[in-house]
Amino acid sequence: MKLFSYSSCSTCRRAIKWLKNNDIAFELIDLLKTPPSKEMLISASDIYGDRKYLLNTSGVVYRSIGSEVIKKMNDNEFFEQLFKEPRLIKRPFLCKSVKCFLIGFKEEKWAEKLL
């Protein structure tokens, strides 16, 4: 299980603490140094049913690009942009398997999928 995280993100730190408190093994990956692959992002988008769930809409990068510009991107441009600028990715981004992703940290949802 891979957890893509950003060290200065308080939500990521809460997720890491929760995983450790529940004795759940995971590989911690720095989101900025090694972002999820485009294939992983596409799979997560497919499972969530909409690519908007992948976006960190409260971040500076998202606001600097603008929601209208992002909405107008085709899928290839969108996923390429996420891969090039991983701060656009909502975090934490957890990949349990090719069929199970958890984006953002909601304790009850994580407990449902991981405990």
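Bear in mind that the values here come from a model prediction, so they are computed numbers and not experimental data.

Calculation notes
Residues numbered from 1 in each chain as written. Predicted model: local features only at pLDDT ≥ 70, side-chain atom pairs only at ≥ 80, totals over all residues. Heavy atoms only, no water. Core = buried A, V, L, I, M, F, W, Y, C linked by side-chain atoms within 4.5 Å. Buried < 20%, exposed > 50% of the residue type's maximum accessible area, 1.4 Å probe, protein only. Helix = DSSP H or I, 4+ residues; strand = E, 2+ residues; numbered from the N terminus. Contact = heavy atoms within 4.5 Å. Salt bridge = Lys/Arg side-chain N within 4 Å of Asp/Glu carboxyl O. Lys, Arg positive; Asp, Glu negative; His and termini not counted. Pairing = 2+ DSSP bridges. Axes fitted to C-alpha atoms, helices over the stretch in contact; angles between N-to-C directions.

Undergrad: Got a minute to help me understand the nonpolar core in this structure?
TA: The nonpolar side chains of soluble globular proteins are, as a tendency, buried together. L41, L54, I70, F78, L82 and F93 are the most contacted members of the largest nonpolar core, which has 21 residues in total. Where this core is concerned, the elements lending two or more residues are α2 (38-48), α3 (60-65), α5 (75-84), β3 (93-97) and β4 (100-103). In this structure, F78 is in contact with R51, L54, L55, I70 and M73, ignoring residues within four places of it in sequence. In this structure, A15, L19, L102 and L114 belong to the second largest nonpolar core, which totals 11 residues.

Undergrad: Sorry, what's going on with the pattern of salt bridges here?
TA: Two side chains carrying opposite charge are able to pair once their charged atoms lie near each other. The tally for this structure, following the rule as stated, stands at four salt bridges. Its salt-bridge partner being K71, residue E68 comes within 3.6 Å of it at the nearest N-O pair. One end of the pair is E68 and the other is K71, both in helix α4 (residues 67-72) and three residues apart, which spans about a single turn. Owing to a relative accessible area of 59%, K71 belongs among the exposed residues under this scheme. A salt bridge links E85 to R87; the shortest N-O distance between them is 3.0 Å. In this structure R87 comes out as partly exposed when scored by relative accessible area, which is 38%.

Undergrad: I'm lost on unusual backbone geometry in this one. Help?
TA: Most peptide bonds take the trans form, and the phi angle of most residues other than glycine is negative. A cis amide bond links R91 with the next residue in sequence, P92, at an omega value of -5°. With respect to the helices and strands, P92 occurs in the loop between α5 and β3.

Undergrad: I keep staring at the side chain of R91 and nothing clicks. Help me out?
TA: With respect to the element layout, R91 can be found in the loop between α5 and β3. There is no salt bridge for the buried R91, and the closest opposite charge comes from E85, which lies 8.0 Å off by N-O distance. Apart from residues lying up to four places away in sequence, R91 is in contact with Y6, C9, T11, C12, L31, N56 and G104.

Undergrad: Help me understand the environment of D23, please; the structure alone is not making it clear to me.
TA: Considering the arrangement of structural elements, one finds D23 in the loop between α1 (10-21) and β2 (27-30). For D23, a relative accessible area of 72% gives the class exposed. Along the backbone, D23 and L115 are 92 residues apart, and their C-alpha atoms lie at a distance of 9.8 Å.

Undergrad: Help me understand the sheet that holds β2, please; the structure alone is not making it clear to me.
TA: Strands in a sheet are paired, the pairing made by backbone hydrogen bonds, and the direction either parallel or antiparallel. A sheet is described by the order of its strands in space; here four strands give the open sequence β2-β1-β3-β4, paired in mixed fashion. Looking at the sheet topology across the chains shown, the edges are occupied by β2 and β4. Ignoring which end each strand starts from, the neighbouring axes of this sheet average 20° apart. The pairing of strand β1 (residues 2-5) with β2 spans four bridges and is classified as parallel. Across the sheet, the residue bridging to S5 is D30, located in β2. Set on the sheet, α1 makes contact with β1, β2 and β3; between it and β1 the angle comes to about 155°. Along the sheet, α2 makes contact with β1, β3 and β4, crossing β4 at roughly 85°.

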